[in-house]
Amino acid sequence: MASPPLVICLGNVVADHTFRVEDVPAPPAKIAARSYSIGPGGMAANAAIAAVRLGGRAAFWGRVGDDMNGEPLAEALAAEGVDVSGLRRVPGGRTPVGAVLVDPRGERTIISFRGSGLGTDPAWLPLDRIREAGALCCDPRWPEGVAAAAAAARAAGVPVVLDGERSETRILVDLVPRVDHAVFSVPGLANFLPGRGPEEGLRQALASGPVKVAAVTQGEKGVLWMAAGDEKPTRTPAFPVEATNTTGAGDVFHGAYALAVAEGMDIPRVIRFAAAAGALRARDGATPTRAMAEEMLAGG
Ligand SMILES: Nc1ncnc2c1ncn2[C@@H]1O[C@H](COP(=O)(O)OP(=O)(O)O)[C@@H](O)[C@H]1O
Ligand SMILES: [Mg+2]
């Protein structure tokens, strides 16, 4: 049997330090946490983990510092089955971290540090490996890396999916024309085309370059999407679930979307597959397996 397709995920990996607390008090305060965990977060890293759980192969390309948070992140991704040979430990760099406070109702207070000293030059990326991939999935936190990898992917005929998550307008405007699938979050699409509605944003994304599909994920309202040449957008409804923790639903959606593209599914099916994976993540607070996603798609 042929090996499953490879999804290369490029962008952000974050050491999320999660504290369950009774309350998030105003300062000055010192409180004990009920529990603590550390684990990998970040859009592209979550997408890579999702691509593996859903039956693909994944490689993560990005940067961490050579500080106390960098190596555990590399180990955690590797333990999930993600190839981390393209994860660079940058000497003197500081790894992105998050402090996540979760109260008893599940409400989150997140303090995030985007890292520093990680460098922006993508010259070290192993771009010759792009041709092994069935899809490239990028987030907008390392635009120089996206530009280099997307150009190599285009030259090799490898489809590129962008997680158009909240970011500076100029970054999204620069990146969208470089990709085949521009899949925004609600705030990301508003950053891409400020002050206009989602339909106009999707039309603008399609008009900005050889973009094949523009989409916006809208949580429990599902996905609004348009393919090049479509007259109007299509809404794919969300799978109804009781959400317990919607953190990371979009990241999992993007990993699933890229894997489905790599597997050669048609676009309506790609979106349904990704929506099933996103809904399960929102329901369980954990990334689903392929069998779980297939069961949801079958109406189980
Ligand atoms: N509460 C939910 N119920 C069902 N599906 C959901 C829910 N939240 C997210 N999803 C699925 O995951 C996708 C991505 O979630 P969304 O919240 O839009 O992204 P992000 O986490 O980036 O803001 C949605 O389009 C939907 O298909
Ligand atoms: Mg998102």
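What you are looking at is a predicted structure, and each value in this text was computed from that prediction instead of being measured.

Some remarks on the site of ligand 1
Logical step 1: Not every one of the 18 residues close to ligand 1 is listed here, only the nearest: Glu165, Thr217, Gly219, Phe239 and Gly250.
Logical step 2: Measuring from an oxygen atom of ligand 1, one finds a side-chain N or O atom of Thr217 at 2.8 Å.
Logical step 3: Contact between ligand 1 and Gly219: an oxygen atom at 2.8 Å from a main-chain N or O atom of the residue.
Logical step 4: Protein burial of ligand 1: of its 550 Å² of free accessible surface, 86% is covered by the chains.
Logical step 5: Of all the elements in the fold, those that place two or more residues in the shell around ligand 1 are α7 (249–262) and α8 (267–284).

Notes on the packing of α7 against α8
Logical step 1: For the pair α7 and α8, interaxial distance at closest approach is 8 Å and the crossing angle is 145°. Handedness of the crossing formed by α7 with α8: right-handed. Only Ile267, Val270, Ile271, Phe273, Ala274, Ala275, Ala277, Gly278 and Arg281 of α8 make contact with α7, whose side of the interface consists of Ala249, Val252, Phe253, Ala256, Tyr257, Ala260 and Val261.
Logical step 2: Residue composition of the contact of α7 with α8, grouped by class: 14 nonpolar, 1 polar and 1 charged.

Some thoughts on helix α3 (residues 143–156)
Logical step 1: In this model, α3 (14 residues) spans 20 Å end to end at C-alpha, consistent with the 20 Å of a helix rising 1.5 Å per residue.
Logical step 2: Pro143, Gly145, Val146, Ala147, Ala148, Ala149, Ala150, Ala152 and Ala153 are the residues of α3 that are buried.
Logical step 3: Positive phi shows up at Gly157, right after α3, with a value of about 75°.

Overview of helix α2 (residues 70–79)
Logical step 1: Of all the residues in α2, the buried ones are Gly70, Leu73, Ala74 and Leu77. Along the axis of α2, the buried residues cluster in a sector spanning 100°; they form a single face. In α2, the exposed positions that point more than 90 degrees away from the buried face belong to Glu75 and Ala79.
Logical step 2: At the C-terminal side of α2, Gly81 shows a positive phi close to 90°.

Focus: the nonpolar core
Logical step 1: Counting 54 residues, the largest nonpolar core has Leu77 and Tyr257 as its most contacted members.
Logical step 2: A per-element tally of this core places α8 first, with 10 residues.
Logical step 3: Tyr257 has contacts with Val161, His181, Val183, Val213, Ile267, Val270, Ile271 and Ala274, leaving out every residue within four places of it along the chain.
Logical step 4: Core analysis: the second largest hydrophobic core is formed by 37 residues, Leu10, Leu136, Leu175 and Leu206 among them.

What to know about the side chain of Glu165
Logical step 1: Residue placement: Glu165 occurs in the loop between β9 (160–164) and α4 (169–175).
Logical step 2: Although Glu165 lies buried, it forms no salt bridge, and the closest oppositely charged side chain, Arg166, sits 4.4 Å away as judged by the N-O distance.
Logical step 3: Ignoring any residue separated from it by four or fewer positions in sequence, one finds Glu165 in contact with Met43, Pro140, Leu172, Ser185, Pro187 and Gly188.

Topic: the pairing of strand β4 (residues 57–65)
Logical step 1: In terms of burial, β4 is largely enclosed, as 8 of its 9 residues are buried.
Logical step 2: One ladder, built from 6 bridges, connects strand β1 (residues 6–11) with β4; its direction is parallel. Opposite Leu10, over in β4, you have Trp61 as the bridge partner.
Logical step 3: Judged from the 4 bridges that link them, β4 and strand β5 (residues 87–90) form a sheet pairing that is parallel. Among the inter-strand pairings, Gly65 is bridged to a residue of β5, identified as Val90.

A look at the layout of surface pockets
Logical step 1: Quantified by volume, the second largest pocket comes out at close to 240 Å³.
Logical step 2: Arg63, Arg114, Gly115, Leu118 and Arg141 are the residues nearest the centre of the second largest pocket, which is lined by 16 residues in total.
Logical step 3: Partitioned by chemical class, the residues of the lining of the second largest pocket number 5 nonpolar, 7 polar and 4 charged.

Re the pattern of salt bridges
Logical step 1: Following the criterion strictly, the structure yields 17 salt bridges and no others.
Logical step 2: Across the salt bridge formed by Lys212 and Asp180, the nearest N and O atoms sit 3.2 Å from each other. Taken as a pair, Lys212 in the loop between α6 (198–207) and β11 (213–217) and Asp180 in the loop between α4 and β10 (181–185) lie far apart in primary sequence, 32 residues in all.
Logical step 3: We note a salt bridge from Glu200 to Arg196, for which the minimum N-O separation is 2.8 Å.
Logical step 4: Given a relative accessible area of 48%, Arg196 falls into the partly exposed group.

Conventions and cut-offs
Residues numbered from 1 in each chain as written. Chains lettered and ligands numbered in written order. Predicted model: local features only at pLDDT ≥ 70, side-chain atom pairs only at ≥ 80, totals over all residues. Heavy atoms only, no water. Near = heavy atom within 4 Å. Polar contact = N/O pair within 3.5 Å; in protein donor to acceptor, adjacent residues only side chain to side chain. Areas by Shrake-Rupley, 256 points an atom, 1.4 Å probe, with all protein chains shown as cover. Helix = DSSP H or I, 4+ residues; strand = E, 2+ residues; numbered from the N terminus. Axes fitted to C-alpha atoms, helices over the stretch in contact; angles between N-to-C directions. Left-handed = near helix turned anticlockwise from the far one by under 90°. Contact = heavy atoms within 4.5 Å. Nonpolar A, V, L, I, M, F, W, Y, C, P; charged D, E, K, R; others polar. Expected span 1.5 Å × (residues − 1). Buried < 20%, exposed > 50% of the residue type's maximum accessible area, 1.4 Å probe, protein only. Arc of directions from axis to C-beta. Core = buried A, V, L, I, M, F, W, Y, C linked by side-chain atoms within 4.5 Å. Lys, Arg positive; Asp, Glu negative; His and termini not counted. Salt bridge = Lys/Arg side-chain N within 4 Å of Asp/Glu carboxyl O. Pairing = 2+ DSSP bridges. 1 Å grid on protein atoms, 1.4 Å probe; cavity = no way out; pocket = protein on both sides within 12 Å on 5 of 7 lines; lining within 4 Å. Points joined across faces, edges and corners; volume = space filled by probe spheres on them.

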